[in-house]
Structures are given as structure tokens and as C-alpha cells.
Amino acid sequence: MSVLIAFAPGKGSVGALDLGAQLARSLGTEIDVATVVPKPWSTPSMARVDAEFADWAATTAAESEAKARHYLQDRAPDITASFHRLAHRSVSTALTEAAESISASVLVLGSSGDGALGQVVVGSTADKLLHSSPVTVALAPRGYRMRDRATLTRITCAFSGDSEASRVVSPTAQLARDAGIPLRLASFVVRGATMYPPEIGLRAEDDVAAELARGLSEALTAAVDDAVAVGLSAERVTTELATAGSWREALDEVQWQDGEVLTIGSSGPLGPIARVFLGSRATKIIRHSPVPIMVLPRR
């Protein structure tokens, strides 16, 4: 199973190439790079507009492939890479079909150029895939670069403590096991803003947060057994609980390593088909994560 990287020059894709190479090297697999160009209309044009459009699409795809090939030869010469030119009217559909056809284990996307450096910014294509992809979606922060021949150093699993969270632990532990790296299970408690005037006391929100933290601490301890059950040694699994007044502060509360990725699970209606689907909690984590994100589909 390979790592599929979506590449389009000028759209944050160099970061996707770096992250994809880092994932492939860590998992001992190959890279597939896909460039999607618009599909021309089937009806011929008397003014040869369709022919000119086809020429432009072919040239764009060739230039994209050449840039990606050159970049990977320089940054990841140790990894086998294949290149694909896809013509489709929907970029997200083309990438989904490609991921299924080559049995990709993960689809890697770059961030939109609208955000700050180091921030994961979800563009229109990523937004569609984050609500429909049948495989894990990895998002590289804007400007992301890996060190020379770098591998992953640790995987952190965002653990919310509910029934959906338990489904994320096992596949994340499998990733850590396959990559030969430690796993951290992290929970984030975000304390709500105090009402004014307070109707039930100034410390009400603090009491609620403390009770939630106690419950999460117990759930984290139990989740370690789920990670060990897939073959990861208990010594390589740690837990951490951060409490703060906002999601940004909560994610800043924990220490992050160079080469670390953060996994989150899908939420949404139950169904028979494995798909990625983001809830409000996952969306907030993506917005404030300082490291690459991997969104796992429902199993």
C-alpha cells in the first residue's frame, strides 16, 4: 500500500511532497504522485478551443510532474515514486478514485496558501476530501519541510474519551508499530468562558472541567490497553492531558517533537461505508495543530 500525494504547483504542494516522503520512508512503502487537470468537454469546438484547452492541460500536467519528480529526486532519492496525470472535472473525486485504484493507505494534501506559515489551512479540495475520503487524509502545514531523509519520531492520537475515540486508538497504534515509533494518547479539556453575571457561581466552569478531566484520565489509562493489544509495547505508549481556556492554548500546552504527527478520528452518522467525516472538535484541532494532521476514516 502506497502513499498518494496530491500535487499542484503553487498550491502548497511542496509541503505535501515532504510529508508524503516522510510517511513513506517511515512505513517502508512507495510514493504515488497525482496531478489532476480539468477534463476537456467531449463536444468539439469549431474554434478549436477544446484542442487548445487539451494542450494547456497536457502542458500543465507535464510541468507539474517534472517539478515533483525533480523535487523528490533531490529530497527523497531513496524512495520509489510513480507519477500519474489525472483528467477529471472534480479534483476530489479524481483523487478518491486514484486512492482506491492503487490501494493507497494515505492521501497527502498540502495546506491552502491563505494561512500563516506552520498552520494547517484546509482548502476547498481538502474540505471535500475531509468529508468523503475512504482512506486516511494527511494534511501538511503551510511551509512544511522535513529534515534530510527524516522519518516520523512520534505519533500523537487526539483522544476524546468517547466511543468514537476508542476506534482511533487501534489504527493509530498500528501506524506507530509499523513505523517503529512511540505513541502518545493526548486529551484536551477546553474550559468554557464564564457567564456574566454568573448564575451558578464563578467556579462552575472550573468544576465541570475538573470532572471532565478526571473522566478522561481514567479513559486514557484504559486506552493504553487498546494500543498494547495491537502489538505496541506498553513502554512505548504514554498519555497526556491538557486543560486550557481555548483550543489554541490546549494544543500549545503539550510539547511537540520535530517529526511528529497528530491523528484524529472521524465523527458523524453511523454507516456501512468507511469514510472520513469531520466533527466540530476535529475541525478545531486541525485549525490549531502545530504539526501535520492525519484524519482516519470510520472503520
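Just so it is clear, the model here is predicted, and its values are computed rather than measured.

### Considering the packing of aromatic side chains
Right, so step 1: Under the defined criterion, the tally for this structure stands at 0 aromatic pairs.
Right, so step 2: Against the face of Trp-256 rests Arg-184, its NZ or CZ located 4.9 Å from the ring centre.

### Notes on the pairing of strand 7 (residues 183-190)
Right, so step 1: A large share of strand 7 lies buried, amounting to 7 of its 8 residues.
Right, so step 2: Sheet topology places strand 7 next to strand 8 (residues 237-244); 8 bridges connect them, and they run parallel. Note on strand 8: the bridge partner recorded for Leu-183 is Val-237.

### A few points about the confidence of the model for the protein chain
Right, so step 1: When pLDDT is averaged along the protein chain, the result is 83, and 82% of the positions lie at 70 or above.
Right, so step 2: Every residue in residues 269-273 scores below 50 in pLDDT, and together they form 4 contacts with partners more than four places removed in sequence or on other chains.

### Quick look at the sheet that holds strand 3 (residues 81-87)
Right, so step 1: The strand order across the open sheet formed by 10 strands is 3-2-1-4-5-10-9-6-7-8, and the pairing between neighbours is mixed. Each of the sheet's edge strands pairs with one partner strand only, and the pair in question is strand 3 and strand 8. Averaged over all pairs of adjacent strands, the angle between their axes in this sheet comes to 25°, without regard to strand direction.
Right, so step 2: Here strand 9 (residues 260-265) runs beside strand 10 (residues 293-296); their pairing, made up of 4 bridges, is parallel. For Gly-265, the partnering residue across the bridge sits in strand 10 and is Leu-296.
Right, so step 3: Helix-sheet contacts for helix 1 (residues 13-27) involve strand 1 (3-6), strand 2 (31-37), strand 4 (106-109), strand 5 (136-139), strand 9 and strand 10, and the interaxial angle to strand 1 is about 175°.

What counts, and where the lines are drawn
Numbering of residues starts from 1 in every chain and runs along the sequence as written. Confidence filtering applies because this is a predicted model: local features only for residues at pLDDT of at least 70, side-chain atom pairs given and counted only at 80 or more, and all residues used for totals across whole chains, interfaces and linings. Heavy atoms throughout the structure, all of them, feed into the side-chain values; hydrogens and water do not. Any pair of Phe, Tyr and Trp rings, taking the six-membered ring for Trp, is counted once the centres come within 6.5 Å. Such a pair is stacked with planes under 30 degrees apart, edge-to-face with planes over 60 apart, and tilted for the rest. Consider the ring centre and the ring normal. A charge sits over the ring if Lys NZ or Arg CZ is within 6 Å of that centre and within 35 degrees of that normal. Here the term buried applies to any residue with accessible area under 20% of the maximum for its type, exposed to any over 50%, and partly exposed to those in between, with areas from a 1.4 Å probe on protein chains only. In DSSP terms, a helix is any run of H or I states spanning at least four residues, a strand is any run of E spanning at least two, and both are numbered starting from the N terminus. Only when DSSP finds a minimum of two bridges between them are two strands counted as paired. pLDDT measures the predictor's confidence residue by residue and takes values from 0 up to 100. The criterion used for residue contact is that any of the two residues' heavy atoms lie within 4.5 Å. The axes are straight lines fitted to the C-alpha atoms, using for helices just the contacting stretch, and the angles between their N-to-C directions are given from 0 to 180°.

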